[in-house]
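Residue-level structural notes
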Amino acid sequence: MVPAAAVLLIALAALALAPRMDSGVVGRAQAAAYIDMTGIDTPAGVGAVDGRTEALIGAIMADLTRFWSEELPPITRTPFTPLRGSIVAVDSSAVSGSAPCVAAPADIVGNAYYCPSDDGIVYDATTLIPVLLHRSGIGGLITTFAHEYGHAVQERIAAAEPGRSTEPTPTALVTEARADCDAGAFLAWASAGHAPRLHVDSGILISAIGPLVDFSDPATVQPDDPTAHGLAVDRLTWFLTGFRGGAGACVHLGEPLQTTLGRTGGQPNASPRYATPSLLLAAAERSIEAFDGHRSDTSPSSAQMNVTAPHGQFAQATALALATAAAAGDDAAGAACFAGSWVRALVGHASPGELGGWPGDADEGLAAVLLQPGADFADVTGYIDGFRSGTC
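Note that the structure is predicted; figures quoted are calculated from it, not measured. Here the residue numbers are simple positions, counted from 1 along each chain's written sequence. Restriction of local features to residues with pLDDT of at least 70 applies here, the model being predicted, together with a cutoff of 80 or more for giving and counting side-chain atom pairs; totals for whole chains, interfaces and linings are based on all residues. Side-chain descriptors were evaluated using all non-hydrogen atoms of the structure, hydrogens and water having been removed beforehand.

Elements are defined by DSSP. Helices are runs of H or I of four residues or more, strands are runs of E of two residues or more, and each kind is numbered from the N terminus. To estimate the expected span of a helix, count its residues, drop one, and scale the result by 1.5 Å. For helix 12 (residues 377–389), spanning 13 residues, the distance from its first C-alpha to its last is 18 Å, which sits close to the expected 18 Å at 1.5 Å a residue. Using a 1.4 Å probe on the protein chains alone, a residue whose accessible area is under 20% of its type maximum counts as buried, one over 50% counts as exposed, and one in between counts as partly exposed. When helix 12 is considered as a whole, its buried residues turn out to be Phe-377, Asp-379, Val-380, Thr-381, Gly-382, Tyr-383, Ile-384, Gly-386 and Phe-387. Contact criterion: two residues are considered in contact whenever any of their non-hydrogen atoms come within 4.5 Å of each other. The inward-facing, buried residues of helix 12 contact helix 4 (205–208), helix 6 (232–245), helix 10 (332–346) and helix 11 (361–370). The N-cap residue of helix 12 is Asp-376: its side-chain oxygen and the backbone nitrogen of Ala-378 are 3.2 Å apart. Positive phi shows up at Gly-390, right after helix 12, with a value of about 80°. N or O atoms within 3.5 Å of each other form a polar contact, as long as, within protein, one can give a hydrogen and the other can take it, and as long as residues adjacent in sequence are counted only when both atoms are side-chain atoms.

If you trace the backbone, Asp-376 turns up in the loop between helix 11 and helix 12. On the accessibility criterion, Asp-376 (34% relative accessible area) is partly exposed. In this structure, the C-alpha to C-alpha distance between Asp-376 and Ile-206, residues 170 residues apart in sequence, is 5.6 Å. Within the structure, the side chain of Asp-376 is placed 3.2 Å from the backbone nitrogen of Ala-378, a separation counted as a polar contact.

Time to look at the pattern of salt bridges. In the sections that follow, a salt bridge refers to a side-chain nitrogen of Lys or Arg positioned within 4 Å of a carboxyl oxygen of Asp or Glu. Throughout the structure, instances matching the rule amount to nine salt bridges. Between Arg-197 and Asp-36 there is a salt bridge, and its shortest N-O distance comes to 4.0 Å. Of this pair, Arg-197 sits in the loop between helix 3 (172–191) and strand 9 (198–199) while Asp-36 is found in strand 4 (residues 33–36), placing the two residues 161 residues apart along the sequence. In this structure Arg-197 comes out as buried when scored by relative accessible area, which is 19%. Residue class for Asp-36 comes out partly exposed when judged on its relative accessible area of 22%. A salt bridge links Asp-180 to Arg-235, with the shortest nitrogen-to-oxygen separation between them at 2.8 Å. Pair noted here: Asp-180 is in helix 3 and Arg-235 is in helix 6, with a separation of 55 residues, a long-range link. Among the residues examined, Arg-235 registers a relative accessible area of 4% and is labelled buried.

Next up on the list: the pairing of strand 4. By the alternation rule, side chains of strand 4 split into Ala-33 and Ile-35, which are all buried, and Tyr-34 and Asp-36, of which none is buried. Pairing between strands is defined by DSSP: at least two bridges between the two strands are required. Pairing between strand 4 and strand 9: two bridges, direction antiparallel. Paired with Ile-35 across the strands is Leu-198, a residue of strand 9.

With that out of the way, let us pick up the packing of aromatic side chains. The pairing test for Phe, Tyr and Trp rings, Trp by its six-membered ring, is centres within 6.5 Å, and the orientation test on the planes gives stacked under 30 degrees, edge-to-face over 60, and tilted for anything in between. Taken as a whole and judged by the stated rule, the model has 11 aromatic pairs. Aromatic side chains Phe-67 and Phe-186 sit 5.6 Å apart centroid to centroid with 75° between the ring planes, which places their arrangement in the edge-to-face category. Residue Phe-67 is located in helix 1 (residues 51–76), and its partner Phe-186 is located in helix 3; the two are separated by 119 residues in the primary sequence. An identical accessibility class is assigned to Phe-67 and Phe-186; each is buried. Both rings, one in Phe-243 and one in Phe-377, keep their centres 5.3 Å apart while their planes meet at 65°; by these two values the pair is edge-to-face. One end of the pair, Phe-243, is in helix 6; the other, Phe-377, is in helix 12, and 134 residues separate them in sequence. When its relative accessible area of 22% is taken as the criterion, Phe-243 is described as partly exposed. Residue classification places Phe-377 among the buried residues on the basis of a relative accessible area of 13%.

This is how it looks when you write it as structure tokens:
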């Protein structure tokens, strides 16, 4: 246990929000975050490395404890109980060692999770943390640990609610949805300036949602899979539920749970839907005109067609929807909302092989929004709102 320096200034520069939906990285500079680590020790560990980063995680955990000590008692009507177990950093490359819920270091490669038997959190310090910091910065690190802490919160709510023990055990997907929701509630509190140690603002939110996108499910996963976490559009929906509604909105989330995962059956074909980009754009123009009642007189730039191509033809079609709305005078968030509304009209209704007929199309549309130059949190929320409500 090594005391950390009092204050750490972390510049979130050139840290990417890189959707896992195939490839492509969007780099953008982020505002500086001041992390007060006064009195924070590094977590216990099994060959753990990089004490400063581990102390940063300790500061995140301290603010999470502060947040839930305020938010949870009104929900459970019982005093708040901090985590009894340790926050354990594991060197996943170590040849031996163990930790709560981890029989061997290799068992936790690329992962972090709440361990119910220990009432603590275990994480891979060697692989996961560097990847999170590289791809999503401090915001991604905060969301990851806020999500895991959310599982601990669910355990406390279940223990405190009368009659809860007689209800069916929530599915794996419901527990993940609630943890995403809890993370959103915490990020709203922290980005509003209430966190004593994490001095961040709303500029961090676009990087904070990175892990929700990076660790979303492939479209072929079924909602009843015990490892399911949801599509990216699902995870962001649940995050926004907590971000906007606070911790109380997360308690009964999923009764029932509405998901996009599993809503559209089948799998994408090995070949593209359209043989050429011009045929694709022609089909997208017809679709947008049928949705909006106006013919598009614009096209996405060649740069946007190229950057969205690795994500799929539906991402390229969404680039046209974004360009159409922008040409009509919408700002970036409004254009994203228009695109989300158009995607909503297709997904679950189109035939296989048509635009909107493949299981991952909603996430491809999200990828197009994230790949817009200067995309920010408002653009992402615009897309999700349009996709969920159909109105802007």
